[in-house]
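# Close look at the chain arrangement
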Amino acid sequence: MKNRVAYFGVFTALALIFSYIETLIPVNFGIYGVKLGLANLIIVVALYKIGIGEAFLLSVVRVVLSGFLFGNYFSIIYSLAGGMLSLAVMSLLKRSGGFSVMGVSIAGGVFHNIGQLIVAMLVVETFSVIYYVPVLLTAGMLAGLVIGIAANGMLRRLKGLKM
Amino acid sequence: MKTGLKKKDWLLILIILCVAGLTVLAHTYIGGRGANKVVVKVDGVIQGTYSLSEDGRIEINDGTNVIEISNGKADMIEADCPDQLCVNQKAVSRNHENIICLPNKVVVEVESVEESEYDAVTN
(Lines give C-alpha, C1' and ligand atoms only; values in the text may rest on other atoms or scores of the structure.)
Protein backbone atom coordinates (compact mmCIF):
# COMPACT_ATOMS: atom_id res chain seq x y z
CA MET A 1 0.00 0.00 0.00
CA LYS A 2 2.71 2.48 0.90
CA ASN A 3 4.45 1.57 -2.34
CA ARG A 4 1.71 3.34 -4.27
CA VAL A 5 3.29 6.76 -3.99
CA ALA A 6 6.58 5.41 -5.26
CA TYR A 7 4.89 3.60 -8.13
CA PHE A 8 2.92 6.73 -8.97
CA GLY A 9 6.21 8.60 -9.24
CA VAL A 10 7.66 5.92 -11.50
CA PHE A 11 4.60 6.01 -13.73
CA THR A 12 4.71 9.81 -13.94
CA ALA A 13 8.36 9.67 -14.91
CA LEU A 14 7.66 7.01 -17.52
CA ALA A 15 4.75 8.98 -18.99
CA LEU A 16 6.96 12.08 -19.22
CA ILE A 17 9.75 10.13 -20.88
CA PHE A 18 7.32 8.75 -23.43
CA SER A 19 6.03 12.27 -24.09
CA TYR A 20 9.61 13.32 -24.69
CA ILE A 21 10.32 10.38 -27.00
CA GLU A 22 7.20 11.28 -28.92
CA THR A 23 8.57 14.77 -29.62
CA LEU A 24 11.80 13.20 -30.88
CA ILE A 25 10.12 11.03 -33.47
CA PRO A 26 9.77 13.16 -36.58
CA VAL A 27 6.66 11.29 -37.66
CA ASN A 28 4.56 13.54 -39.75
CA PHE A 29 1.48 11.93 -41.21
CA GLY A 30 0.67 15.08 -43.10
CA ILE A 31 -2.33 15.87 -40.95
CA TYR A 32 -2.27 17.86 -37.77
CA GLY A 33 -3.14 15.90 -34.66
CA VAL A 34 -2.26 12.46 -35.93
CA LYS A 35 0.28 10.85 -33.70
CA LEU A 36 0.80 7.66 -31.76
CA GLY A 37 0.34 9.00 -28.25
CA LEU A 38 3.01 6.89 -26.59
CA ALA A 39 2.30 8.38 -23.16
CA ASN A 40 -1.17 6.91 -23.32
CA LEU A 41 0.48 3.51 -23.01
CA ILE A 42 1.41 4.42 -19.44
CA ILE A 43 -2.05 5.83 -18.76
CA VAL A 44 -3.68 2.59 -19.94
CA VAL A 45 -1.31 0.48 -17.85
CA ALA A 46 -1.95 2.73 -14.83
CA LEU A 47 -5.70 2.43 -15.35
CA TYR A 48 -5.42 -1.34 -15.11
CA LYS A 49 -2.65 -1.54 -12.53
CA ILE A 50 -3.38 1.23 -10.02
CA GLY A 51 -6.90 2.47 -10.54
CA ILE A 52 -9.15 5.04 -12.16
CA GLY A 53 -8.50 7.91 -9.75
CA GLU A 54 -4.74 7.56 -9.98
CA ALA A 55 -4.90 7.24 -13.76
CA PHE A 56 -6.80 10.54 -13.92
CA LEU A 57 -4.31 12.26 -11.65
CA LEU A 58 -1.43 10.79 -13.63
CA SER A 59 -2.97 12.02 -16.87
CA VAL A 60 -3.36 15.58 -15.59
CA VAL A 61 0.15 15.68 -14.12
CA ARG A 62 1.57 14.24 -17.33
CA VAL A 63 -0.22 16.71 -19.60
CA VAL A 64 0.62 19.79 -17.53
CA LEU A 65 4.28 18.85 -17.05
CA SER A 66 4.91 17.80 -20.64
CA GLY A 67 2.99 20.86 -21.80
CA PHE A 68 5.33 23.13 -19.87
CA LEU A 69 8.40 21.18 -20.96
CA PHE A 70 7.75 20.48 -24.64
CA GLY A 71 4.61 22.32 -25.61
CA ASN A 72 2.73 25.52 -25.05
CA TYR A 73 -0.45 26.87 -23.53
CA PHE A 74 -2.51 25.61 -26.43
CA SER A 75 -1.12 22.11 -26.38
CA ILE A 76 -1.94 21.79 -22.67
CA ILE A 77 -5.59 22.68 -23.28
CA TYR A 78 -5.86 20.37 -26.26
CA SER A 79 -4.17 17.46 -24.53
CA LEU A 80 -6.14 17.99 -21.32
CA ALA A 81 -9.47 17.90 -23.16
CA GLY A 82 -8.43 14.85 -25.14
CA GLY A 83 -6.85 13.10 -22.17
CA MET A 84 -9.80 13.61 -19.84
CA LEU A 85 -12.45 12.54 -22.32
CA SER A 86 -10.34 9.59 -23.41
CA LEU A 87 -9.78 8.42 -19.84
CA ALA A 88 -13.45 8.87 -18.91
CA VAL A 89 -14.51 6.65 -21.81
CA MET A 90 -11.77 4.12 -21.10
CA SER A 91 -12.78 3.73 -17.45
CA LEU A 92 -16.42 3.36 -18.47
CA LEU A 93 -15.58 0.61 -20.97
CA LYS A 94 -13.25 -1.12 -18.55
CA ARG A 95 -15.94 -1.12 -15.87
CA SER A 96 -18.67 -2.29 -18.24
CA GLY A 97 -16.64 -5.39 -19.02
CA GLY A 98 -16.40 -7.46 -22.18
CA PHE A 99 -13.66 -5.33 -23.69
CA SER A 100 -10.02 -6.36 -23.88
CA VAL A 101 -7.18 -3.95 -23.17
CA MET A 102 -7.02 -3.34 -26.91
CA GLY A 103 -10.69 -2.41 -27.12
CA VAL A 104 -10.43 -0.03 -24.18
CA SER A 105 -7.33 1.54 -25.70
CA ILE A 106 -8.98 1.92 -29.11
CA ALA A 107 -11.88 3.81 -27.53
CA GLY A 108 -9.32 5.89 -25.65
CA GLY A 109 -7.46 6.80 -28.84
CA VAL A 110 -10.64 7.74 -30.67
CA PHE A 111 -12.06 9.86 -27.86
CA HIS A 112 -8.72 11.54 -27.31
CA ASN A 113 -9.08 12.91 -30.82
CA ILE A 114 -12.75 13.74 -30.36
CA GLY A 115 -11.96 15.76 -27.23
CA GLN A 116 -9.31 17.72 -29.09
CA LEU A 117 -11.65 18.28 -31.98
CA ILE A 118 -14.30 19.73 -29.65
CA VAL A 119 -11.75 22.18 -28.28
CA ALA A 120 -10.64 23.02 -31.81
CA MET A 121 -14.25 23.76 -32.73
CA LEU A 122 -14.64 26.07 -29.74
CA VAL A 123 -11.36 27.84 -30.49
CA VAL A 124 -11.89 28.33 -34.21
CA GLU A 125 -15.63 28.81 -33.72
CA THR A 126 -16.55 26.86 -36.77
CA PHE A 127 -17.85 23.45 -37.63
CA SER A 128 -15.59 23.17 -40.64
CA VAL A 129 -13.12 21.13 -38.60
CA ILE A 130 -15.74 18.37 -38.85
CA TYR A 131 -13.99 17.75 -42.15
CA TYR A 132 -11.22 16.05 -40.16
CA VAL A 133 -13.51 13.67 -38.27
CA PRO A 134 -13.11 10.60 -40.51
CA VAL A 135 -9.33 10.97 -40.54
CA LEU A 136 -9.12 11.53 -36.79
CA LEU A 137 -11.44 8.62 -36.00
CA THR A 138 -9.49 6.17 -38.11
CA ALA A 139 -6.13 7.46 -36.92
CA GLY A 140 -7.26 7.36 -33.28
CA MET A 141 -8.43 3.82 -33.73
CA LEU A 142 -5.17 2.61 -35.25
CA ALA A 143 -3.05 4.41 -32.67
CA GLY A 144 -5.27 3.04 -29.91
CA LEU A 145 -4.88 -0.48 -31.27
CA VAL A 146 -1.09 -0.25 -31.36
CA ILE A 147 -1.00 1.21 -27.84
CA GLY A 148 -3.47 -1.43 -26.68
CA ILE A 149 -1.34 -4.29 -27.98
CA ALA A 150 1.71 -2.82 -26.26
CA ALA A 151 -0.22 -2.24 -23.03
CA ASN A 152 -1.56 -5.78 -23.15
CA GLY A 153 1.96 -7.18 -23.42
CA MET A 154 3.19 -4.87 -20.69
CA LEU A 155 0.38 -5.85 -18.31
CA ARG A 156 1.09 -9.55 -18.92
CA ARG A 157 4.70 -9.02 -17.89
CA LEU A 158 3.72 -6.88 -14.90
CA LYS A 159 1.44 -9.54 -13.41
CA GLY A 160 3.72 -9.98 -10.44
CA LEU A 161 3.58 -6.27 -9.64
CA LYS A 162 1.34 -5.84 -6.62
CA MET A 163 0.05 -2.35 -6.12
CA MET B 1 -2.73 -15.86 -35.11
CA LYS B 2 -4.70 -15.17 -31.97
CA THR B 3 -5.33 -11.46 -31.66
CA GLY B 4 -6.86 -11.44 -28.19
CA LEU B 5 -9.57 -9.13 -29.41
CA LYS B 6 -12.98 -9.89 -27.98
CA LYS B 7 -16.37 -9.71 -29.65
CA LYS B 8 -17.12 -6.29 -28.18
CA ASP B 9 -13.77 -5.00 -29.42
CA TRP B 10 -14.64 -5.90 -32.99
CA LEU B 11 -18.05 -4.30 -32.54
CA LEU B 12 -16.33 -1.13 -31.33
CA ILE B 13 -14.01 -1.10 -34.35
CA LEU B 14 -16.99 -1.62 -36.65
CA ILE B 15 -18.93 1.25 -35.06
CA ILE B 16 -15.96 3.60 -35.33
CA LEU B 17 -15.48 2.77 -39.01
CA CYS B 18 -19.21 3.25 -39.66
CA VAL B 19 -19.23 6.66 -37.96
CA ALA B 20 -16.15 7.65 -39.95
CA GLY B 21 -17.89 6.58 -43.15
CA LEU B 22 -21.06 8.44 -42.23
CA THR B 23 -19.20 11.68 -41.57
CA VAL B 24 -17.60 11.38 -45.00
CA LEU B 25 -21.08 11.08 -46.48
CA ALA B 26 -22.42 13.90 -44.32
CA HIS B 27 -19.59 16.12 -45.43
CA THR B 28 -20.23 15.46 -49.09
CA TYR B 29 -23.90 16.25 -48.78
CA ILE B 30 -24.12 18.90 -46.07
CA GLY B 31 -20.69 20.22 -45.13
CA GLY B 32 -19.99 21.45 -48.66
CA ARG B 33 -22.16 24.50 -48.25
CA GLY B 34 -20.52 27.86 -47.96
CA ALA B 35 -18.25 27.23 -50.90
CA ASN B 36 -18.22 30.30 -53.07
CA LYS B 37 -15.31 30.27 -55.43
CA VAL B 38 -13.77 28.02 -57.96
CA VAL B 39 -10.05 27.58 -58.47
CA VAL B 40 -8.66 26.65 -61.86
CA LYS B 41 -5.30 24.93 -62.00
CA VAL B 42 -3.31 23.81 -65.01
CA ASP B 43 -0.52 21.36 -64.33
CA GLY B 44 -0.72 22.26 -60.63
CA VAL B 45 -0.35 25.98 -61.20
CA ILE B 46 -3.26 28.20 -60.22
CA GLN B 47 -4.48 30.04 -63.31
CA GLY B 48 -7.27 31.93 -61.68
CA THR B 49 -9.90 32.06 -58.97
CA TYR B 50 -13.46 32.91 -59.92
CA SER B 51 -16.51 33.62 -57.83
CA LEU B 52 -19.36 31.17 -58.18
CA SER B 53 -21.90 33.96 -57.82
CA GLU B 54 -20.86 35.68 -61.05
CA ASP B 55 -22.08 33.96 -64.17
CA GLY B 56 -19.74 33.76 -67.10
CA ARG B 57 -17.54 31.69 -69.37
CA ILE B 58 -13.87 31.18 -68.74
CA GLU B 59 -11.41 29.94 -71.32
CA ILE B 60 -8.61 27.89 -69.84
CA ASN B 61 -5.27 27.03 -71.36
CA ASP B 62 -5.74 29.21 -74.48
CA GLY B 63 -9.10 27.64 -75.16
CA THR B 64 -8.43 23.92 -74.77
CA ASN B 65 -11.06 23.88 -72.03
CA VAL B 66 -13.99 26.17 -71.34
CA ILE B 67 -15.91 26.29 -68.08
CA GLU B 68 -19.20 27.99 -67.57
CA ILE B 69 -20.38 29.39 -64.25
CA SER B 70 -24.11 29.80 -63.79
CA ASN B 71 -26.55 29.48 -60.90
CA GLY B 72 -23.66 29.08 -58.48
CA LYS B 73 -22.31 26.05 -60.28
CA ALA B 74 -19.27 25.52 -62.43
CA ASP B 75 -19.44 23.19 -65.39
CA MET B 76 -16.95 22.17 -68.04
CA ILE B 77 -18.66 22.79 -71.35
CA GLU B 78 -15.84 22.39 -73.85
CA ALA B 79 -12.65 20.39 -74.03
CA ASP B 80 -10.49 19.44 -76.97
CA CYS B 81 -9.55 16.06 -75.53
CA PRO B 82 -10.90 12.90 -77.19
CA ASP B 83 -12.61 11.24 -74.20
CA GLN B 84 -14.73 14.27 -73.13
CA LEU B 85 -14.99 12.81 -69.62
CA CYS B 86 -14.76 16.22 -67.97
CA VAL B 87 -17.47 17.65 -70.18
CA ASN B 88 -19.80 14.80 -69.31
CA GLN B 89 -19.18 15.25 -65.59
CA LYS B 90 -21.90 17.08 -63.71
CA ALA B 91 -21.52 20.69 -62.60
CA VAL B 92 -19.76 21.26 -59.27
CA SER B 93 -20.83 23.60 -56.48
CA ARG B 94 -19.99 21.93 -53.15
CA ASN B 95 -16.77 22.46 -51.25
CA HIS B 96 -13.87 20.34 -52.55
CA GLU B 97 -15.84 19.02 -55.48
CA ASN B 98 -13.81 19.10 -58.63
CA ILE B 99 -13.70 18.51 -62.34
CA ILE B 100 -10.49 17.15 -63.73
CA CYS B 101 -9.47 17.03 -67.36
CA LEU B 102 -6.52 14.69 -67.26
CA PRO B 103 -5.26 15.02 -70.88
CA ASN B 104 -4.95 18.79 -70.51
CA LYS B 105 -3.98 18.63 -66.82
CA VAL B 106 -6.78 21.01 -65.94
CA VAL B 107 -8.24 20.88 -62.42
CA VAL B 108 -11.30 22.92 -61.49
CA GLU B 109 -11.96 22.79 -57.76
CA VAL B 110 -14.60 24.44 -55.58
CA GLU B 111 -13.32 26.08 -52.43
CA SER B 112 -14.59 28.31 -49.69
CA VAL B 113 -12.86 31.61 -49.01
CA GLU B 114 -12.42 31.30 -45.26
CA GLU B 115 -10.39 28.13 -45.55
CA SER B 116 -6.71 27.59 -44.78
CA GLU B 117 -6.52 29.69 -41.64
CA TYR B 118 -6.82 26.80 -39.18
CA ASP B 119 -3.35 25.37 -39.46
CA ALA B 120 -1.77 28.44 -37.98
CA VAL B 121 -4.05 28.26 -34.96
CA THR B 122 -3.90 24.55 -34.26
CA ASN B 123 -0.17 24.35 -34.65
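Please refer to the structure higher up on the page.
This write-up is about the structure you can find in this document. The structure presented is a predicted model; accordingly, all values stated were derived computationally and were not measured.

Moving on: the environment of Gly 144 of chain A. All names here are of chain A. The residue Gly 144 is located in helix H6 (residues 133-157) in this model. Distance from Gly 144 to His 112, taken between C-alpha atoms, is 9.5 Å for residues 32 residues apart in sequence. Setting aside residues up to four positions removed in sequence, Gly 144 forms contacts with Met 102, Ser 105, Ile 106 and Gly 109.

With that settled, consider helix H3 (residues 52-70) of chain A. Residues and elements named next belong to chain A. Helix length check: H3 (19 residues) gives 26 Å between terminal C-alpha atoms against 27 Å at 1.5 Å per residue, within 8%. Every buried residue belonging to H3 is among Ala 55, Leu 58, Ser 59, Arg 62, Val 63, Ser 66 and Gly 67, and all of these are buried. Within H3, the buried residues cover an arc of 150° as seen down the axis, which keeps them to one side. Elements that come into contact with the buried residues of H3 comprise helix H1 (3-24), helix H2 (39-49) and helix H4 (73-96).

Between its first and last C-alpha, H1 of chain A extends 32 Å over 22 residues, near the 32 Å set by a 1.5 Å rise per residue. On its buried face, H1 of chain A sits against H2 and H3 of chain A.

Moving on, we get to the pattern of salt bridges. Taken as a whole and assessed by the stated rule, the structure comprises two salt bridges over all chains. Here Glu 54 of chain A makes a salt bridge to Arg 4 of chain A, at a shortest N to O gap of 2.8 Å. Of this pair, Glu 54 of chain A sits in helix H3 while Arg 4 of chain A is found in helix H1, placing the two residues 50 residues apart along the sequence. We note a salt bridge from Glu 68 of chain B to Arg 57 of chain B, for which the minimum N-O separation is 3.8 Å. One end of the pair, Glu 68 of chain B, is in strand E4 (residues 65-70); the other, Arg 57 of chain B, is in strand E3 (residues 56-60), with 11 residues separating them in the sequence.

Conventions and cut-offs
- Residues numbered from 1 in each chain as written.
- Chains lettered and ligands numbered in written order.
- Predicted model: local features only at pLDDT ≥ 70, side-chain atom pairs only at ≥ 80, totals over all residues.
- Heavy atoms only, no water.
- Helix = DSSP H or I, 4+ residues; strand = E, 2+ residues; numbered from the N terminus.
- Contact = heavy atoms within 4.5 Å.
- Expected span 1.5 Å × (residues − 1).
- Buried < 20%, exposed > 50% of the residue type's maximum accessible area, 1.4 Å probe, protein only.
- Arc of directions from axis to C-beta.
- Salt bridge = Lys/Arg side-chain N within 4 Å of Asp/Glu carboxyl O.

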